[in-house]
Amino acid sequence: MSSLHYSFPGFFSTLKPSKTRFDTARLGASNSVQCCTATTAEPRRVTVKNGNDSLDICRVLNGMWQTGGGWGRIDRDDAVDAMLQYADAGLSTFDMADHYGPAEDLYGIFINRVRRERPPELLEQIRGLTKWVPPPVKMTSSYVRENIDISRKRMDVSSLDMLQFHWWDYSNSGYLDALKHLADLKEEGKIKTVALTNFDTERLQIILENEIPIVSNQVQHSIVDMRPQQKMAELCQLTGVKLITYGTVMGGLLSEKFLDTNLSIPFAGPPLNTPSLQKYKRMIDAWGGWRQFQVLLQTLKRISSKHGVSIPTVAVKYILDQPAVAGSMIGVRLGLSQHVKDANAIFSLVLDEEDINSIREVSEKGKDLIEVIGDCGDEYRRI
């Protein structure tokens, strides 16, 4: 995730799709958006914008949810050294949140080392995207300002590159008040761009109708979870809002490590011993189960072997090529493991029509998760 990455045990059995007044016919298009049938080498950077607001980011983002605990102890110095290695390799956009443990503090240490130890050209490429996930209390100007100032201080920046806002309870319209105050802070120069995380299509449209300059919405999106390509991508294409995706490699489940494994046999396969693995295993169960997931992994393995890359590289490239997607997240376990080579391979990978059709065919054999869960972000809201 990076985005919120909270887990609700059993939520798939209790959550039903929310009833929405959003009418796709209003947009003059069908209920789904198909990806293109051929792809090209990936540009490394992309600009998200709304009016005069714009920010260029790396299309493969370093997700820092894993600094929040549950993936192994993070050593501060090792973590910052790893961030420098990613930045030196051109992977210079970092995604974090106010609740991802020490993520914002690590970024503050990192950006100061870049200022001291790297040329100005690299500093100009670094981007730090953070999130604010407040409780649904009254959103006064002073309350919003105080919380944004906390992130600015922790990250040691005068202006946040991007503030991605999340709201738990749509029945409380305070999210509009919060976003208007965030837009004011943007005008003051304390935020460069305002964005969302885990908002659904209906609320995104309401926000845009209130003339709040949203540049992107961060949502869960993978070959298993294609919900954003139904209603959300269509609205994004019409309005210019971009999608930043997380869960694109499903916490590592979309990898060679889980190919040809049987999780029904105790201790026979790799342990699901991190919050992200447990979270996305539930998504697989909702989509079609482990056996169907193995068919997907086998398909991805054939394609990855054909191109001389890894399964995660193929999985991310496929999502990057979907309509409205500006960038995709890969979680980083800073100081514990690294994926610089696989991540950089995404930019040169070209999936052909046969590859795309093979992936689409197995993806569509699973259940339609918008019917099981609801629209983007509904997994975080009990209905």
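Structure report, in brief. (Residues numbered from 1 in each chain as written. Predicted model: local features only at pLDDT ≥ 70, side-chain atom pairs only at ≥ 80, totals over all residues. Heavy atoms only, no water.)

Now for the overall build of the protein chain. For the protein chain, the count of helices and strands is 14 helices and 10 strands. Counting over 383 residues, the protein chain shows a buried share of 58%. Within the protein chain, contacts between residues separated by at least 24 positions form 81% of all contacts whose residues are at least 6 apart in sequence. About 15300 Å² of surface is accessible on the protein chain, with carbon and sulfur atoms providing 49% of the total. (Helix = DSSP H or I, 4+ residues; strand = E, 2+ residues; numbered from the N terminus. Buried < 20%, exposed > 50% of the residue type's maximum accessible area, 1.4 Å probe, protein only. Contact = heavy atoms within 4.5 Å. Areas by Shrake-Rupley, 256 points an atom, 1.4 Å probe, with all protein chains shown as cover.)

Time to look at unusual backbone geometry. The residue E211 is not glycine, and still its phi comes out positive at about 60°. Unusually for a residue other than glycine, A324 sits at a positive phi of about 75°. Mapping A324 onto the fold places it in the loop between helix 11 (311-320) and strand 10 (325-331). Overall, A324 belongs to the buried group, its relative accessible area being 11%.

Turning next to helix 10 (residues 290-307). In this model helix 10 runs 25 Å from its N-terminal to its C-terminal C-alpha over 18 residues, within 8% of the 26 Å that 1.5 Å per residue would give. Listing the buried residues of helix 10 in full gives W290, Q292, F293, Q294, L296, L297, T299, L300, I303 and S304. On its buried face, helix 10 sits against helix 9 (275-287), helix 11 and helix 13 (353-363). Phi turns positive, to about 70°, at G308, one or two residues after helix 10. (Expected span 1.5 Å × (residues − 1).)

Turning next to the packing of helix 2 (residues 76-88) against helix 3 (residues 103-117). Contact geometry for helix 2 and helix 3: axes closest at 9 Å, N-to-C directions at 55°. Classified by the interaxial angle, the pair formed by helix 2 and helix 3 is oblique. Judged by the twist between their axes, the crossing of helix 2 over helix 3 is right-handed. Side by side, helix 2 and helix 3 meet where R76, A79, V80, D81, M83, L84 and A87 of the first sit next to L106, Y107, I109, F110, R113, V114 and E117 of the second. In the contact of helix 2 with helix 3, the residues fall into 10 nonpolar, no polar and 4 charged. (Axes fitted to C-alpha atoms, helices over the stretch in contact; angles between N-to-C directions. Parallel < 35°, antiparallel > 145°, perpendicular 65-115°, else oblique. Left-handed = near helix turned anticlockwise from the far one by under 90°. Nonpolar A, V, L, I, M, F, W, Y, C, P; charged D, E, K, R; others polar.)

It is worth spelling out the pairing of strand 1 (residues 45-50) at this point. Direction of pairing for strand 1 relative to strand 2 (residues 53-58): antiparallel, over a ladder of 6 bridges. Within strand 2, the position partnered with N50 by the bridge is D53. Linking strand 1 to strand 2, which pair antiparallel, is a turn of 2 residues; within it G51 sits at a positive phi near 60°. (Pairing = 2+ DSSP bridges.)

Strand 8 (residues 214-220) sits mainly inside the fold: 7 of its 7 residues count as buried. Summarising the sheet, strand 7 (residues 191-197) and strand 8 pair through 3 bridges and their orientation is parallel. Looking at strand 8, one finds that T197 is bridged to Q218. Each parallel crossover has a hand, and for strand 7 linked through helix 7 (residues 201-209) to strand 8 it is right-handed. With 5 bridges connecting them, strand 8 and strand 9 (residues 242-246) associate as parallel partners. Bridge assignment links Q218 to a residue of strand 9, and that residue is I244. For the handedness criterion, the β-α-β arrangement of strand 8, helix 8 (residues 232-239) and strand 9 is classed as right-handed. (Right-handed = clockwise from strand over helix to strand, strands pointing away.)

This paragraph deals with the packing of aromatic side chains. The tally for this structure, following the rule as stated, stands at 12 aromatic pairs. Centroid distance F94 to F110: 4.9 Å. Interplanar angle 55°. Geometry classified as tilted. On the criterion of sequence distance, the pair formed by F94 in strand 4 (residues 93-95) and F110 in helix 3 is long-range, its members being 16 residues apart. Relative accessible area serves as the criterion here: at 0%, F94 is assigned to the buried category. Residue F110 is classed as buried on the basis of its relative accessible area of 0%. Through a chain of ring-to-ring contacts, three or more aromatic side chains come together here, namely W132, Y143, F165, W167, Y170, Y175 and F199. (Phe/Tyr/Trp six-rings, centres within 6.5 Å; stacked < 30°, edge-to-face > 60°.)

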